[in-house]
Every structure is written in structure tokens, then in C-alpha cells.
Amino acid sequence: MTPDTREHDIIHAFVELSNELVDGYDVVDLLSEWTVNCARLLDVAAAGLLLVDGRGLLHLVAASSEATRHLDVFQLQRDQGPCLDCFHTGTAVSVPDLAAESDRWPDFARVAESVGFASLHAVPMRLRDTVLGTFGLFGTTPGALNDDDLALAQALVHVASVALVNERSASDRHVVSTQLQHALTSRVVLEQAKGVLAAVGDLEMEDAFAVLRRYARDRGEKLTVVAAQVVNRELAGQELIDHARSTSVLR
Amino acid sequence: MAMSLEDMRVELGAAMTSAQPGLQAANALCQACVEWLGVDGAAISMIHDGFSHGTFGASSESSRRVDEFQFTFGQGPCLDAAAAQQMVLAPDLDSPDEIRWPAFAGAVLGDGVRAVFAMPISITSICVGALDLFRADPGPLSDDHLAGGLLAADLASLPLLDLIASTKGSHVDDEDPWVQLGQLDRLEVYQATGMLISQLDVDATEALVRLRAHAIATNGTASQVAIAIIQRSLVLERDHDHRRSR
């Protein structure tokens, strides 16, 4: 990426996020798009955001890749891995060469390497004294992010935290946890909807996500609303699949 | 005496593990709430479409009676908590500003309850009931006790799932309830639940109950069953517990 286009892309990423915040948005859709932008800007293979639930467990809320094998690498870090360490300490964790540190996180390193990840950076998402979650950036080759890139990653995470937690309520711990829970529950419904579509159309989960998003965008509806309608059987999965076929999202 | 959230988590979980699954576990959890959360009574209600509504577990007969007023009058904090999937706090039912549930408030004040705190009981995205905490004195619940109440509400989803499953002849094991919850709260379980919604033509709660019942019956984890469903190596039959593999 040349410096000019990169600067343009960075501005675009911030502007897009701020426009969405004003317009009324779907938090999972917004964060999914945001992770894709972050992965491109920071030149990493995959990026994912984990948030903490009321029990103190990390859950994936958005990722730049919907491939199940990638989602698994994020989910695994509920139990072990750089993102979990980043969450506990509230500070960034850099792992330029995962293979060299496989003793530290044996289960995590094995799975991450098996899907082709060689390096990882985890950046905390904080709100004053509270750590809300962690943002993980994966590379397919060993190497560290430079200081500018790490600073940019941290800035992008700060902006995204605004999408999650309304600033006015940020001092109330229960309101904050309710807002995080909303995002996490939305993600659960999304996964359930992917399952419904996978069964109806005999699809891979990754394709099911694309079908859902295509339908929501073309109808001008929020992703989570459409997902909930599919899960509650108010909207037939076949209708979404037919729509995807007519728009060439599916063959 | 301040108690850490981690200690509360352990105590609440231990109370359930030492009881028989189902109603006894629900009662034990409510009694643990009284012991650890600075309240005088607790009750677990089942509130879910397609199944009978009402009070399930309680810390005592008087708490059960107070909780049942909500179903008698068709109003109350637990119904609102379940409908909105958010906690509903009523620190003083006798305050002139408290106008949300006049019939319910009148009845429970007569029974000596001034404050009610209701937490939705959710599992994955599904709300199956509410946990009510009752106190004789007015005033807010402390932050720590509120957080403990949310932990208890998480645990309460297990006896409620057992209750739904028992109508189908399922049974449960005596594993650590936190471990059981952790096994259900996973990406592959959400996705497999979605597949079952379509394959079995059931709602999300029923789909989760069926997945869990199969895990218990085959001595596997919910995650293993979910992966088999996603990979299409396991298909659950539409009717009850008959299964086939292919």
C-alpha cells in the first residue's frame, strides 16, 4: 500500500465509523466491517474483537474472516493465548514469532499455526479503569508491528469502544455490562441464524454469513434484526437463500 | 463483610452441585442467594413461550408465595426482566414514585417485602426465566451483590433447562455447573442450535435442550455433539430421543 492510499484509507475508516455512529447502526455489522478495515490498514491476515461477558469470559463479537477455522482460533483464547493475557493485564501483547513461544500457550500455538498464523498482536479495549476486551491481529509471516501501526491499532480500538458503550453511561458499571451483553447476544443470534441457513441450503457457515448480510443490506435492515427473524422462524431461510442466488452471492 | 466475586461464584456453584438436579438445585441456589447476596428471599421463575409459566425454585415457602403474586396479577419485576432481557430494580415498592406494578406491590408489601431485584435468566440468546431477590428493607442492592445476582441468574438457567428437558425423559449429570454453562456457551453450539431449529422444526430453546440431552445421553460434551451436527455426521431425529448416525 503506498503512503497516499494508506492515509486515505485511514481517514476513510474513521469517517465510515463516525457516520455509522450518527446514523443508527447494528453493532455486530459495524464491528465486522471495522475488523475488515483494520486488517487491511494494518496489513494483517485476520483481525478479531473479543469482549468480556458478565462472568468474566471472553467471547468473539466480530472478525475479519468468517471462516470457521479462524473463528475457532479466537474462541480458543477464552482459555489460553495472547488475547487472554492482554485482557488480564490490560496491556498490549506482541508475539512476533508464535513458533518461538509455543511453550507459553501450547494449545493455542498449535491451533493457530495449523491454520497458518505465525505472529499475533493483542491490543486491549479499555474504558477508563475497565478492560472491555481485546483486539487480536494475526499475521501469516513472523514479524512485529511498528510503533506507528500499534498506535493506529490502539486508536482504532478506542473509536470502536464508542460504538459499544455510550459515553454518558460509561461510569455505570451495570449499564456498561448490559451494553456489552447486547453485542455478545447479537453475535449469538447471528451464529444461530448462520446455522439455520446452513441447514436449509446445505451451506458452509462462511457462505451462510454472506447470505445473511446480502439480504439485510439489500432490504435496508439491520443484520441482527434479520438474524433474529430467521432464528425465530418469522422469516424463511429459503427466502434469503433464493435472494442470494439471484444476486450471485451463491452459485 | 465484602466477599470477592470469585468467592461468590464458587459458593453459588457449590450450592447447586451439592443438590439433586432440577427443583432441588434451584431451591439450593435461591438459599445461597439469601446467604451471600444480602437479601431475605429469592425465587426462580420460568417464563418461556410454549411451557407453563410460574415459580419454580424458592428459598422458602414465603418467597415462593411472594413470587407467585406476579403470576396471579400478571405483572411484576420478573415478568418485565424476562420481557426486556434486562435486570429490573425496585429498591422501594412503598415509594410514591414506584408506580410500575400497583397490584403486585400492594400484595408483597402486605407480606413484608419492600425491595425486589429481578434478573433475566438467559442461556445463549434465549431467555427462559427470571431470578427474583426480595428484601424486607428498602434501598439499592450493593454493586457486589448485584454482580452476584447476575452470576446466580446464569446458574439458574441449568435447572430451568433440566425442567424443560425432563418432559422428554432426559436426565442430568452432576458436573460443575460453571463447566456445564461454559460448554453450552460456544460458537459451534450456537451454530448447531441453528441447524436443529431447521432440521427439527423447533424453537431455539427446544433446539438447545435437544442438543444438551444428546450430549448427556451419549456421555459427550455439547461441543462434540455440535461439531458432529455441523459436519453432518450426526442427524437428530424429529421425534424425541431417537437418533441415527450416518
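Residues numbered from 1 in each chain as written. Chains lettered and ligands numbered in written order. Predicted model: local features only at pLDDT ≥ 70, side-chain atom pairs only at ≥ 80, totals over all residues. Heavy atoms only, no water.

### Some thoughts on the overall build of chain B
Okay, step 1: A count of helical and extended segments in chain B gives 10 helices and 7 strands.
Okay, step 2: The globule rule puts the C-alpha radius of gyration for 246 residues at 18 Å, and the 19 Å found for chain B is close to it.
Okay, step 3: By principal-axis analysis of the C-alpha atoms, chain B measures approximately 65 × 35 × 25 Å.
Okay, step 4: Classification of the 246 residues of chain B by burial places 56% in the buried group.
Okay, step 5: Restricting to contacts in chain B with at least 6 residues of sequence separation, those with at least 24 account for 62%.
Okay, step 6: When the accessible area of chain B is evaluated, it comes to approximately 10,000 Å², of which 50% is carbon and sulfur surface.
Okay, step 7: Each charge class in chain B can be summarised by its mean position, and for the 15 positive and 33 negative side chains these summaries are 10 Å apart. (Helix = DSSP H or I, 4+ residues; strand = E, 2+ residues; numbered from the N terminus. Rg over C-alpha atoms; globule rule 2.2 N^0.38 Å. Buried < 20%, exposed > 50% of the residue type's maximum accessible area, 1.4 Å probe, protein only. Contact = heavy atoms within 4.5 Å. Areas by Shrake-Rupley, 256 points an atom, 1.4 Å probe, with all protein chains shown as cover. Lys, Arg positive; Asp, Glu negative; His and termini not counted. Charge placed at Lys NZ, Arg CZ, Asp CG, Glu CD.)

### Topic: the side chain of Gln192(A)
Okay, step 1: As for its position among the elements, Gln192(A) is in helix α7 (residues 173-201).
Okay, step 2: Leaving out residues up to four positions away in the same chain, Gln192(A) has contacts with Val231(A), Thr124(B), Ser125(B), Ile126(B), Tyr190(B), Thr193(B) and Gly194(B).

### Description of the packing of helix α6 (residues 143-166) of chain B against helix α7 (residues 177-184) of chain B
Residues and elements named next belong to chain B.
Okay, step 1: Interaxial distance between α6 and α7 falls to 10 Å at its minimum, and their mutual angle equals 80°. Relative to α7, the element α6 is oriented roughly perpendicular. Facing α6, whose interface residues are Leu 151, Asp 154, Leu 155, Ser 157, Leu 158 and Leu 161, α7 presents Pro 177, Trp 178, Gln 180, Leu 181 and Leu 184.
Okay, step 2: For the contact of α6 with α7, the per-class residue count stands at 8 nonpolar, 2 polar and 1 charged. (Axes fitted to C-alpha atoms, helices over the stretch in contact; angles between N-to-C directions. Parallel < 35°, antiparallel > 145°, perpendicular 65-115°, else oblique. Nonpolar A, V, L, I, M, F, W, Y, C, P; charged D, E, K, R; others polar.)

### A look at the environment of Leu42(A)
Residue and element names in this part refer to chain A.
Okay, step 1: Mapping Leu 42 onto the fold places it in the loop between α2 (27-41) and β1 (46-52).
Okay, step 2: According to the relative accessible area criterion, Leu 42 is buried, its value standing at 2%.
Okay, step 3: Leu 42 sits 106 residues away from Asp 148 along the chain, and the two C-alpha atoms are 9.9 Å apart.

### Comments concerning the environment of Gly13(B)
Okay, step 1: Assignment of secondary structure puts Gly13(B) in helix α1 (residues 5-17).
Okay, step 2: When residues no more than four places from it in sequence are discounted, the contact partners of Gly13(B) are Leu155(B), Pro177(B) and Trp178(B).

### As for the layout of surface pockets
Okay, step 1: Put simply, the largest pocket is a space of about 1,200 Å³.
Okay, step 2: Around the largest pocket sit 49 residues that line it, and Thr178(A), Gln181(A), His182(A), Thr185(A) and Gln85(B) are the ones nearest its centre.
Okay, step 3: If you tally residues by element for the lining of the largest pocket, the top one is α7(A), at 12 residues.
Okay, step 4: The class makeup of the residues in the lining of the largest pocket is 23 nonpolar, 18 polar and 8 charged.
Okay, step 5: Taken domain by domain, the makeup of the lining of the largest pocket includes at least three residues from each of domain 1 (3-169) and domain 2 (187-246) of chain A.
Okay, step 6: Estimates place the volume of the second largest pocket at around 780 Å³.
Okay, step 7: Around the second largest pocket, the lining is made up of 37 residues, and of these Val52(A), Asp53(A), Gly54(A), Gly56(A) and Leu5(B) lie nearest the centre.
Okay, step 8: For the lining of the second largest pocket, the secondary-structure elements that each account for two or more residues are α4 (82-89), β5 (130-139) and α7 of chain A together with α1 and α6 of chain B. (1 Å grid on protein atoms, 1.4 Å probe; cavity = no way out; pocket = protein on both sides within 12 Å on 5 of 7 lines; lining within 4 Å. Points joined across faces, edges and corners; volume = space filled by probe spheres on them. Domains from an automatic or database assignment.)

### Quick look at the interface of chain B and chain A
Okay, step 1: Opposite the 33 residues of chain B that make contact, chain A presents 27 residues.
Okay, step 2: Both faces considered, chain B and chain A share a buried interface measuring about 2,600 Å² in area, 54% of it formed by carbon and sulfur atoms.
Okay, step 3: It is Leu187(B), Tyr190(B) and Gln191(B) in chain B that bury the most area against chain A; as a group they hold 24% of the surface buried on that side.
Okay, step 4: Across the chain B-chain A interface, the total number found is 2 salt bridges. (Buried area = accessible area lost by both parts, 1.4 Å probe. Salt bridge = Lys/Arg side-chain N within 4 Å of Asp/Glu carboxyl O.)

### As for the domain arrangement of chain A
All names here are of chain A.
Okay, step 1: Here the domain parsing of chain A yields domain 1 (3-169) and domain 2 (187-246).
Okay, step 2: A separation of 25 Å is found between the C-alpha centroids of domain 1 and domain 2.
Okay, step 3: Taken together, the contact between domain 1 and domain 2 spans 13 residues of the former and 13 residues of the latter.
Okay, step 4: Summed over both partners, the interface of domain 1 with domain 2 comes to about 1,100 Å²; 46% of that surface belongs to carbon and sulfur atoms.

### Points about the sheet that holds β5(A)
Whether parallel or antiparallel, the strands of a sheet pair through hydrogen bonds between backbone atoms.
All names here are of chain A.
Okay, step 1: Read across the sheet, 5 strands follow the order β2-β1-β5-β4-β3 without closing on themselves; strand pairing throughout is antiparallel. The open sheet has two edge strands, β2 (58-63) and β3 (93-95), and neither has a second partner. Going across the sheet, the axis of each strand differs from the next one's by a mean of 20°, ignoring polarity.
Okay, step 2: Relative to β5, β1 runs antiparallel, the two sharing 6 bridges. (Pairing = 2+ DSSP bridges.)

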